[in-house]
Amino acid sequence: MSTAMRRKAATAAVTPVLAGALGFGLMAPTAHAAAHGPCYDGRCTVTVSAPKSIKVNSHRFGFGKLRITHVSSRSVKMSATSGNTRLSGSASPGGTVRLNSLSIWVRSVSGHRARLVLTPS
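These numbers come from a predicted model, not from an experiment.

### Comments concerning a positive patch on the surface
A surface patch of positive charge is lined by Lys 55, Lys 65, Arg 67 and Arg 86. Summarising the element assignment, Lys 55 is placed in strand 2 (residues 52-55). Here Lys 55 falls in the partly exposed class, since its relative accessible area comes to 41%.

Structure, rendered in structure tokens:
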């Protein structure tokens, strides 16, 4: 076997291994977030009725659960606790609440159900 053929064989053997390792590395955060819930990374659209808790990344947002405390046709009330600090806010349909670095847009309200869009800010 010539030197050129040995190099090609070694490259061919290493390429799938590297591609697999990189692929798993890219998928790991998604798999980790999926284990915690769809809104864990702060990016989701969810329909809620009160009371409801939405689990988010406490290291990123400063609190681990966003609590929807009340839903009416006029507003959605929410709160979160971070240590000894309580964060709260309310918004009408079309309005936005920002708790630390998480923005919660009240997309629509129908009866006692609200459609929320969470995004990191």
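After that view of the structure, there is still more to cover.
### Quick look at the environment of Val 106
By the secondary structure assignment, Val 106 is in strand 7 (residues 102-110). The exposure class assigned to Val 106 is buried, which follows from its relative accessible area of 0%. Along the sequence, Val 106 and Leu 116 sit 10 residues apart, while their C-alpha atoms lie 4.8 Å from each other. Those residues within four positions of Val 106 in sequence are excluded, and the remaining contacts are Val 76, Met 78, Ala 91, Ser 92, Pro 93, Gly 94, Gly 95, Arg 115 and Leu 116.

### Thoughts on the side chain of Asn 57
Within the secondary structure, Asn 57 sits in the loop between strand 2 and helix 2 (58-61). Since its relative accessible area comes to 18%, Asn 57 is described here as buried. Once residues within four sequence positions are removed from consideration, Asn 57 is found in contact with Tyr 40, Gly 62 and Phe 63.

### Focus on the nonpolar core
Ranked by internal contacts, the top residues of the largest apolar core, which has 24 residues, are Leu 116 and Leu 118. Looking at this core, the elements that each hand over two or more residues are strand 1 (44-48), strand 3 (65-71), strand 4 (76-82), strand 5 (85-91), strand 6 (96-99), strand 7 and strand 8 (113-120). If we skip the residues at most four places from it in the chain, Leu 116 touches Cys 44, Thr 45, Val 46, Val 48, Ile 68, Val 76, Ile 104, Trp 105 and Val 106.

### Some thoughts on the sheet that holds strand 7
Ordered in space as 1-8-7-6, the 4 strands form an open sheet in which the pairing is antiparallel. The open sheet has two edge strands with one neighbour each: strand 1 and strand 6. Here the average twist between neighbouring strands, direction ignored, is 25°. One ladder, built from 5 bridges, connects strand 1 with strand 8; its direction is antiparallel. When the sheet's bridge partners are listed, Thr 47 is paired in strand 8 with Arg 115.

### A few points about the state of the cysteines
Formally, a disulfide is one covalent bond, and it connects the sulfur atom of one cysteine to the sulfur atom of another. Throughout the structure, instances matching the rule amount to 1 disulfide. Paired by a disulfide, Cys 39 and Cys 44 hold their sulfur atoms 1.9 Å apart. Between Cys 39 and Cys 44, the S-S dihedral sits near 95°, and the bridge is therefore right-handed.

### Section: the sheet that holds strand 2
The 4 strands lie next to each other as 2-3-4-5, forming an open sheet whose pairing is antiparallel. The two strands at the open ends of the sheet, each matched to only one other strand, are strand 2 and strand 5. Each strand axis lies, on average, 25° off the axis of its neighbour in the sheet, ignoring direction.

Cut-offs and rules
Residues numbered from 1 in each chain as written. Predicted model: local features only at pLDDT ≥ 70, side-chain atom pairs only at ≥ 80, totals over all residues. Heavy atoms only, no water. Patch = residues over 30% accessible without salt bridge, like charges linked within 9 Å, V, L, I, M, F, W, Y side chains within 5 Å. Areas by Shrake-Rupley, 256 points an atom, 1.4 Å probe, with all protein chains shown as cover. Salt bridge = Lys/Arg side-chain N within 4 Å of Asp/Glu carboxyl O. Lys, Arg positive; Asp, Glu negative; His and termini not counted. Charge placed at Lys NZ, Arg CZ, Asp CG, Glu CD. Helix = DSSP H or I, 4+ residues; strand = E, 2+ residues; numbered from the N terminus. Buried < 20%, exposed > 50% of the residue type's maximum accessible area, 1.4 Å probe, protein only. Contact = heavy atoms within 4.5 Å. Core = buried A, V, L, I, M, F, W, Y, C linked by side-chain atoms within 4.5 Å. Pairing = 2+ DSSP bridges. Axes fitted to C-alpha atoms, helices over the stretch in contact; angles between N-to-C directions. Disulfide = S-S within 2.5 Å.

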